[in-house]
Amino acid sequence: MTDVTGAPADVLHTLFHSEQGGHEQVVLCQDRASGLKAVIALHNTALGPALGGTRFYPYATEQEAVADALNLARGMSYKNAMAGLDHGGGKAVIIGDPDRDKTEELLLAYGRFVASLGGRYVTACDVGTYVADMDVVARECRWTTGRSPENGGAGDSSVLTAFGVYQGMRASAQHLWGDPSLRGRRIGIAGVGKVGHHLVEHLVAEGAEIFVTDVRADAVRRITERHATVTAVADTEALIRVEGLDVYAPCALGGALNDDSVPVLTARVVCGAANNQLAHPGVEKDLADRGILYAPDYVVNAGGVIQVADELHGFDFERCKAKAAGIYDTTLAIFARAKADGIPPAAAADRIAEQRMHEAAAARRAG
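For clarity, every value in this text was computed on a predicted model and none was experimentally measured. (Residues numbered from 1 in each chain as written. Predicted model: local features only at pLDDT ≥ 70, side-chain atom pairs only at ≥ 80, totals over all residues. Heavy atoms only, no water.)

## Description of the side chain of threonine 145
Part 1 of the argument: With respect to the element layout, threonine 145 can be found in the loop between helix H5 (131-137) and helix H6 (158-177).
Part 2 of the argument: A relative accessible area of 0% means that threonine 145 is categorised as buried.
Part 3 of the argument: A distance of 2.8 Å separates the side chain of threonine 145 from the backbone oxygen of threonine 123, its partner in a polar contact.
Part 4 of the argument: Beyond its immediate stretch of four places on either side in the chain, threonine 145 contacts Leu51, Val122, Thr123, Ala124, Met134, Val308, Glu311 and Leu312. (Helix = DSSP H or I, 4+ residues; strand = E, 2+ residues; numbered from the N terminus. Buried < 20%, exposed > 50% of the residue type's maximum accessible area, 1.4 Å probe, protein only. Polar contact = N/O pair within 3.5 Å; in protein donor to acceptor, adjacent residues only side chain to side chain. Contact = heavy atoms within 4.5 Å.)

In structure tokens:
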């Protein structure tokens, strides 16, 4: 079944009627000359212009791309709210294989579409896009962050993303074991790419016992050649079953916590960089029922968005790092709220973020 445009009708139903909807604006972008097909989703701009990265990924269907853009944009609203930023949530996805389809012409065309929104959406890097790509996009769009320092930007945001996740782990350890130290803790990291390899550096420096896996053998090899104490395991299925695991850090794509993984997970804590780790509503309760402490993904991985937001006002790394260090206190506050309200931490984080967005929207209407 399709709507009058020929698009799958359930996409519009999702947008206008489902709990996953509620978005302010969704833009479908196409430039036939360059081959660009993209979706820009703006979820909520009560706090300010939407801010979120651009994902370049070979989606199986256009419907899957739209669904991912909607989910990611919604997550950015909550992430930006919890990070204390004056930005709403947005996200863009470009449909295609970045290794095969990414060209300068395509990125320039994409930049023109972002620019057409007049500042309602500020873009940045995400899976499949890099600093060099944002430099190209910025030639057509001034609302572009994540650019290189040579082009007035802050560079790679994965550095502070990893630092924020590390702070979330420390807060989780403090809450669960009464000590923020991760020395001697067994930590499994799924995905050691952009963010994961920086996270390894923090944990090695603290003396954690680290296990890693990645679908790319070269990414794992880069880690193990640099750190002889890091152990590589075959895949994520093996990683989540490592005996005596203290912390599991999903740092690849979303959906890592699902009906198959949660029942066999050995870790006492889940704290990672991946977005949308909970595969569906209810998983957060399954984790709580098993006594597994979940540090909400959009809270602990906010270091990167803190960095790119700062770029709009004249980037200062130390200022950003100090703000990202606050993820430690924010995570502890979420655990305290969860305990007080008798709900999982994910629900507590949602309540806090929704309250901030609601208050901003009310103030805008009153003003």
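Text resumes after the structure shown.
## Some remarks on the layout of surface pockets
Part 1 of the argument: A volume near 1100 Å³ is recorded for the second largest pocket.
Part 2 of the argument: Forming the walls of the second largest pocket are 34 residues, and the residues nearest its centre are Asn71, Arg74, Asn276, Leu278 and Pro281.
Part 3 of the argument: Broken down by element, the lining of the second largest pocket gets its largest block of residues, 9 residues, from helix H2 (residues 62-82).
Part 4 of the argument: Residue composition of the lining of the second largest pocket, grouped by class: 14 nonpolar, 9 polar and 11 charged. (1 Å grid on protein atoms, 1.4 Å probe; cavity = no way out; pocket = protein on both sides within 12 Å on 5 of 7 lines; lining within 4 Å. Points joined across faces, edges and corners; volume = space filled by probe spheres on them. Nonpolar A, V, L, I, M, F, W, Y, C, P; charged D, E, K, R; others polar.)

## Some remarks on the packing of aromatic side chains
Part 1 of the argument: Scanning all chains against the criterion turns up 3 aromatic pairs.
Part 2 of the argument: Ring plane angle 70 degrees and centroid distance 5.1 Å describe the contact between tyrosine 57 and tyrosine 59, whose orientation is recorded as edge-to-face.
Part 3 of the argument: When the ring centre of phenylalanine 163 is taken as origin, the NZ or CZ atom of lysine 321, which lies over that ring, is 5.1 Å away. (Phe/Tyr/Trp six-rings, centres within 6.5 Å; stacked < 30°, edge-to-face > 60°. Lys NZ or Arg CZ within 6 Å of the ring centre and 35° of its normal.)

## Side note on helix H4 (residues 104-115)
Part 1 of the argument: The end-to-end C-alpha separation of H4 is 16 Å, in line with the 16 Å expected for 12 residues at 1.5 Å each.
Part 2 of the argument: By the burial criterion, the buried members of H4 are Leu106, Leu107, Leu108, Ala109, Tyr110, Gly111 and Val114. (Expected span 1.5 Å × (residues − 1).)

## What about the sheet that holds strand E9 (residues 231-232)?
Part 1 of the argument: Taken in spatial order, the 6 strands line up as E9-E8-E7-E10-E11-E12 in an open sheet, and their pairing is parallel. Each edge of the open sheet carries a strand with a single partner, namely E9 and strand E12 (293-294).
Part 2 of the argument: In this structure, strand E11 (residues 269-270) lies alongside E12, joined through 2 bridges in parallel fashion. Considered in E12, the bridge of valine 270 is made with tyrosine 294. (Pairing = 2+ DSSP bridges.)

## Observations regarding unusual backbone geometry
Most peptide bonds are trans, and most residues other than glycine sit at a negative phi.
Part 1 of the argument: Even without being glycine, asparagine 276 reaches a positive phi, approximately 50 degrees.
Part 2 of the argument: As for its position among the elements, asparagine 276 is in the loop between E11 and helix H10 (283-289).
Part 3 of the argument: By relative accessible area, which is 30% here, asparagine 276 ends up partly exposed.

## What about the pairing of strand E8 (residues 209-213)?
Part 1 of the argument: Most of E8 sits out of view: 4 of its 5 residues are buried.
Part 2 of the argument: Sheet analysis places strand E7 (residues 186-190) next to E8, joined by 5 bridges and oriented parallel. Paired with glycine 188 across the two strands is phenylalanine 211, which belongs to E8.
Part 3 of the argument: Crossover handedness for the path E7 to helix H7 (residues 196-206) to E8: right-handed.
Part 4 of the argument: Taken together, the 2 bridges between E8 and E9 define a ladder with parallel strand orientation. Considered in E9, the bridge of valine 212 is made with alanine 232. (Right-handed = clockwise from strand over helix to strand, strands pointing away.)

By themselves, these observations are geometric and do not establish any function.
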